[in-house]
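# A look at the structure
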Amino acid sequence: MSALSLLPARRSVPGVFVALTLTLTIGWLVVLLDGGQLFNQSTTVSLLHVAAGLGLVAVGQTLVILGGSLDLSVAYVISLSTLVAAETMNGSDGAVLPAIGLVLVVSAGVGLLNGLLVTRFRVNAFIATLGVGLLLKGYLDNGYDGPAGTTAPSLVQALGYQRIGPVPVSFLLLIAVTAAAWFALSRTRFGHHLVAVGGDPEVARLSGVRNDRVLVTAHVLCSMCAGLAGIYLASRLGSGAPRVGTEGLYDLESIAAVVIGGTALAGGRGGVIGTVGGVLLLASIDAIFNQLEVDAFFKQVIRGVIIIAAVAVYARRAMRKAA
């Protein structure tokens, strides 16, 4: 039996995009009745900027969840990456490429540590990545009291604020990363093996799949995606920020986007296209609530209800399929 035969039937995930369309339609009507305008350029640009940052993390999170793992350290990797990028650049345009390279190396190292803890030492992914995240938190809290470093002006302009029409360059970066992840999952051996490992690790192992290598690679790619998100946020903020990842709840938000997008938390089913839909849905809810000036607490309550509802729907689908 080959690893390819282990793959479940691939299905598109239209549900999240139907929900996104309904959300935008209803939101537009409510905002219009309130005297505002949802689909103007400033709101659209802001929505896509929010989606770009969260989306980069969520695409990486999709990879590890597809493999039946998880990464709770991404928020701290983002914060660390902003600092590495900004301090390496120190306002110099000539240091942009070295800074980006260093961020990717550092984030890949964190992902490698996560992957080895999960595979070689058999530590539960929740505990392993949370522990690594807390190690990074200790370093950040001890070493930084506030913003540090200065992002190069060229990166701030190009990635942080430049756009083509209403579409920010950062969102185009998200599209490129999503396309690369989709290609890896659907057209490469690594992608097939990752889905197989998430679907049934024992069957995958008996079929010749190197489960540990696949999961380690997924964790490295996930952390590198978080590193890219950190570079983007550094370009928006103009400096490194030791708490931007945790304050933005990028760990929990990325998992929520993945689940809303149709990827099963148990692994083996889903994809990055649905994840982007989930990211856009969360960003759209933020944009609508900001237009309506909704209380921040109530906003989080609504987001929580949506996430719980999404998980409940997918759980019922899984139960019906099993029956």
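Being a predicted model, the structure only gives us computed values, none of them experimental.

This part takes up the packing of aromatic side chains. Summed over all chains, the structure comprises two aromatic pairs. For the ring pair Y139 and Y144, a centre distance of 6.2 Å and an interplane angle of 75° mean the geometry is edge-to-face. Under the relative-accessibility criterion, Y144 is labelled buried at 11%. An angle of 40° between the planes, with centres 6.5 Å apart, marks the rings of F289 and F298 as tilted.

This part is about the UniProt feature "transmembrane region" (unreviewed entry) in the chain. Summarizing the sequence annotation, UniProt attributes the feature "transmembrane region" (unreviewed entry) to residues 12-33, 45-66, 95-116, 123-140, 160-185, 214-235, 255-285 and 297-315 in the numbering used throughout. Here residues 45-66 is 100% helix and 0% strand, with 30 Å between the C-alpha atoms at its ends. This span, residues 123-140, is 89% helix and 0% strand, and a straight line between its end C-alpha atoms measures 24 Å.

Now for the pattern of salt bridges. In the structure shown here, the tally under the stated rule is four salt bridges. Taking the shortest distance from any N to any O, the salt bridge between R205 and E202 comes out at 2.4 Å. Here E202 and R205 lie together in helix α9 (residues 201-206), a separation of three residues that amounts to about one turn. Beyond isolated ion pairs, a larger network of salt bridges with shared partners links K137, D141 and R243.

Viewed as axis vectors pointing N to C, helix α7 (residues 169-187) and helix α8 (residues 189-199) meet at an angle of 75°, and their least axial separation amounts to 5 Å. When the axes of α7 and α8 are compared, the pair comes out roughly perpendicular. In this structure, α7 uses A184, L185, S186 and R187 to contact α8, whose residues at the interface are R189, F190, G191, H192 and L194. Taken together, the residues that form the contact of α7 with α8 break down as four nonpolar, three polar and two charged.

Glancing now at the layout of surface pockets. Approximately 590 Å³ is the volume found for the second largest pocket. Around the second largest pocket, the lining is made up of 26 residues, and of these S46, V50, Y250, D286 and N290 lie nearest the centre.

Our next topic: helix α4 (residues 96-119). Given 3.6 residues per helical turn, the α-helix brings residues three or four places apart onto the same face. The end-to-end C-alpha distance of α4, which contains 24 residues, comes to 34 Å, matching closely the 34 Å that a straight helix rising 1.5 Å per residue would cover. Listed as buried for α4 are V96, A99, V103, S107, A108, V110, G111, N114, G115, V118 and T119.

This next bit is on the confidence of the model for the chain. Of all residues in the chain, 93% attain a pLDDT of 70 or more, and the chain-wide mean is 91. For residues 1-13, every residue scores under 50 in pLDDT, and the model assigns this stretch 23 contacts once sequence neighbours within four places are set aside.

For the rest of this paragraph, the subject is helix α5 (residues 125-143). With 19 residues, α5 extends 27 Å between its outermost C-alpha atoms, agreeing within 8% with the 27 Å of an ideal straight helix rising 1.5 Å per residue. In the core, the buried residues of α5 are packed alongside α3 (74-89), α4 and α10 (211-237).

Conventions and cut-offs
- Residues numbered from 1 in each chain as written.
- Predicted model: local features only at pLDDT ≥ 70, side-chain atom pairs only at ≥ 80, totals over all residues.
- Heavy atoms only, no water.
- Phe/Tyr/Trp six-rings, centres within 6.5 Å; stacked < 30°, edge-to-face > 60°.
- Buried < 20%, exposed > 50% of the residue type's maximum accessible area, 1.4 Å probe, protein only.
- UniProt positions renumbered as here; feature names shortened; annotations may be inferred.
- Helix = DSSP H or I, 4+ residues; strand = E, 2+ residues; numbered from the N terminus.
- Salt bridge = Lys/Arg side-chain N within 4 Å of Asp/Glu carboxyl O.
- Axes fitted to C-alpha atoms, helices over the stretch in contact; angles between N-to-C directions.
- Parallel < 35°, antiparallel > 145°, perpendicular 65-115°, else oblique.
- Contact = heavy atoms within 4.5 Å.
- Nonpolar A, V, L, I, M, F, W, Y, C, P; charged D, E, K, R; others polar.
- 1 Å grid on protein atoms, 1.4 Å probe; cavity = no way out; pocket = protein on both sides within 12 Å on 5 of 7 lines; lining within 4 Å.
- Points joined across faces, edges and corners; volume = space filled by probe spheres on them.
- Expected span 1.5 Å × (residues − 1).
- pLDDT = per-residue confidence, 0-100.

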